[in-house]
Amino acid sequence: MSILIKNGRIITATDDYVADIFIEGETISAIGKNLNVQADEVIDASGKLVMPGGIDPHVHLDMPFMGTYSSDNYETGTRAALYGGTTTVIDFILQTQGKSLQSALQEWKGRSDNNAVGDYSFHMAVTDFNDETKKEIQHFIEVEGITSFKTFMAYKGALMIDDRQMIGLMQEVKKHGGLINVHATNGDMIDFLIAKHKSEGKLAPLYHYLSQPEVTEAEASSRFADMADYTGCPGYIVHLTCEGALNAVRFATRRNQHVFVETCIQYLILDASLYEQNFEGAKWVMSPPLREKKDQETLWAGLNQGLVNVVATDHCPFMWEQKLMGKDDFSKIPNGHPAIENRMELLFSEGVNKGRITLNKYVEVASTNAAKIFGMFPKKGTIAIGSDADIVLFDANEKHTLSAKTHHMNVDYSGYEGWELTGKVKTVLLRGKVVIDNNECKVQKGYGQFVKRNKVDGKI
């Protein structure tokens, strides 16, 4: 099967030009002006932006949490991602304390194999680092193609590891060419504040936010940067939200250190005032919580300064009925927010259209940097000869409104209900096949493939 995309305005992290793209099989075989080739299908992209498929390196599909599961599985979640222009996602496997990493991988494969519509990969969350776990690291990097390992500095007794385990894991991961992702918040301090607020009868969603002040994230981000610097292990802070945490990263650059930083679309455009809506605020209960307006300004600036490298989602949706588990106690509200389908269009409308970032920066932080950081470039994350034909045709001028009535995520509310956006995904190709066109999905579950990733060196 061959496809010719004609007359599109091709945007990559570095380029902006009008040309044709010729696709044979799953990959791009030629790019040029007025290509004289015979193709099985011709797509006229005149007036459209043609960009690499988005990569969301932070999602939680079918994830066990607080006695329930996130409501999007691999089929519904990756399909919704495709509708929004994201062709590859990276999910998190969660090791069960006392069990092996391999057993966790098998559990997650049981959910993902033959179920994904879009392409996917895994991070391995290490919650119990010991002598046995240590022996598994090399195999995961070199055989499984899982080269990133997540740690939690919060959720004691469930997910959190201590600094001793962190250092040991960093040294082993560095030795074999991997990277450490971190949830950087001070879990002990947060647990103290949660208990304090509950003892005072302060149980509304607002106190979820007040239990995680900026200092809890700033302190942990600084401590993580220090440990990564000491071990020389490439480090990546997931879902960074605030000025204090970014300043910790900024300070690390003064000793010539580079810490990768991811923020999420919600932290760029939503703020903590939403928690004041009585229990309705539960829609935005996530960890870390939404922050202040000044933090939004910091994050947009960080994107342009090259300090913030990736815009992800931390997509972890729960039905409203599941959120109601915490109706009388904020600490029982399942943490998470639906955004896998909305990220690319929100970032374009709020970022590019409002002059906050350039088109090239948009592609860089929505796709290319994630591919480079996590060992998928140039297979993913760019439009180039030999790259996978993961391509989005985008109408920069079409206006539309976000709503739970029309989205494809398996969740019965939207964090962006009624938002009017400018810029819409029109056609999506994944590995040379049209998967979304005219708001219709053209492939079934099982089309999505697992992406084995290469070793990483901490550079982009």
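Residues numbered from 1 in each chain as written. Predicted model: local features only at pLDDT ≥ 70, side-chain atom pairs only at ≥ 80, totals over all residues. Heavy atoms only, no water.

Here is the rule: UniProt positions are given in the numbering used here, feature names are shortened, and annotations may be inferred rather than shown by experiment.
The protein is annotated in an unreviewed UniProt entry as Dihydropyrimidinase of Flavobacterium paronense. The Cofactor (unreviewed entry) comment attached to the protein in UniProt states, word for word, "Zn(2+)". Under Sequence similarities (unreviewed entry), UniProt gives the following word-for-word description of the protein: "Belongs to the metallo-dependent hydrolases superfamily. Hydantoinase/dihydropyrimidinase family."

**A few points about the overall build of the protein**
Here is the rule we go by: Only DSSP runs of H or I reaching four residues or more are called helices, and only runs of E reaching two or more are called strands; each is numbered from the N terminus. Radius of gyration means the value over C-alpha atoms here, while the globule rule gives 2.2 Å times the residue count to the 0.38 power. In this scheme, a residue with accessible area under 20% of its type's maximum is buried, one over 50% is exposed, and one in between is partly exposed, where area comes from a 1.4 Å probe on protein chains only. Contacts between residues were defined by any pair of non-hydrogen atoms, one from each residue, lying within 4.5 Å. Methods summary: accessible areas were calculated by the Shrake-Rupley approach with a probe of 1.4 Å, and residue burial reflects only the protein chains presented. Charged residues are defined narrowly, with Lys and Arg counted positive, Asp and Glu counted negative, and His plus the chain ends left uncounted. A charge is said to be at NZ when it belongs to Lys, at CZ for Arg, at CG for Asp and at CD for Glu.
Helices and strands together make up the secondary structure of the protein, namely 13 helices and 19 strands. The C-alpha radius of gyration computed for the protein amounts to 21 Å, which stays within 12% of the reference 23 Å derived for 460 residues, consistent with globular compactness. Relative to its full complement of 460 residues, the protein shows a buried share of 62%. Within the protein, residue pairs in contact and separated by at least 24 positions form 76% of the contacts whose partners lie at least 6 positions apart. About 16900 Å² of surface is accessible on the protein, with carbon and sulfur atoms providing 47% of the total. Taken together, the 48 basic and 59 acidic charged side chains of the protein have centroids lying 2 Å from each other.

**Quick look at the pattern of salt bridges**
A side chain of one charge can pair with a side chain of the opposite charge if their charged atoms are brought near each other. Our working rule: Note on definitions: salt bridges are taken to be side-chain nitrogens of Lys or Arg within 4 Å of carboxyl oxygens of Asp or Glu.
Scanning the entire structure with this criterion turns up 36 salt bridges. The partner of lysine 455 in a salt bridge is glutamate 142, and the shortest N-O contact between them spans 3.2 Å. Placement of the pair is lysine 455 in the segment after strand S19 (440-441) and glutamate 142 in helix H3 (residues 131-144), with a sequence separation of 313 residues. The exposure class of lysine 455 is partly exposed, given its relative accessible area of 47%. In the salt-bridge network here, residues are joined through shared partners; they are Glu26, Asp119, Lys379, Lys380, Asp388, Asp390 and Arg431.

**Digging into the nonpolar core**
Applicable threshold: Nine residue types can take part in a nonpolar core, namely buried Ala, Val, Leu, Ile, Met, Phe, Trp, Tyr and Cys, and a core is a set of them joined through side-chain atoms within 4.5 Å.
By size, the foremost hydrophobic cluster in this structure holds 129 residues, and its most contacted members are Phe149, Ile265, Leu268, Leu347 and Tyr362. With eight residues, the single largest contributor to this core is helix H13 (residues 359-373). Apart from the residues within four sequence positions on either side, isoleucine 265 is in contact with Val311, Ala312, Thr313, Ala339, Arg343, Leu346, Leu347 and Tyr416. Grouped together as the second largest cluster of nonpolar side chains are 16 residues, Ile5, Ile28, Ile43 and Leu429 included.

**Focus: the packing of aromatic side chains**
The criterion, for reference: To pair, rings of Phe, Tyr and Trp, with the six-membered ring standing in for Trp, must have centres within 6.5 Å; the planes then decide the type, stacked if under 30 degrees apart, edge-to-face if over 60, and tilted in the middle. Criterion for a charge above a ring: Lys NZ or Arg CZ within 6 Å of the ring centre, and within 35 degrees of the ring normal.
Throughout the structure, instances matching the rule amount to 13 aromatic pairs. For the ring pair phenylalanine 348 and phenylalanine 394, a centre distance of 4.6 Å and an interplane angle of 50 degrees mean the geometry is tilted. One end of the pair, phenylalanine 348, is in helix H12 (residues 343-352); the other, phenylalanine 394, is in strand S16 (residues 391-401), and 46 residues separate them in sequence. Each of the two residues, phenylalanine 348 as well as phenylalanine 394, counts as buried. Aromatic ring contacts, followed pair by pair, group Tyr74, Tyr120, Phe122 and Phe450 into a single cluster. Over the face of the ring belonging to phenylalanine 377 we find lysine 372, whose NZ or CZ atom lies 5.0 Å from the ring centre. A cation sits over an aromatic face here: arginine 431 above tyrosine 447, 4.4 Å from the ring centre.

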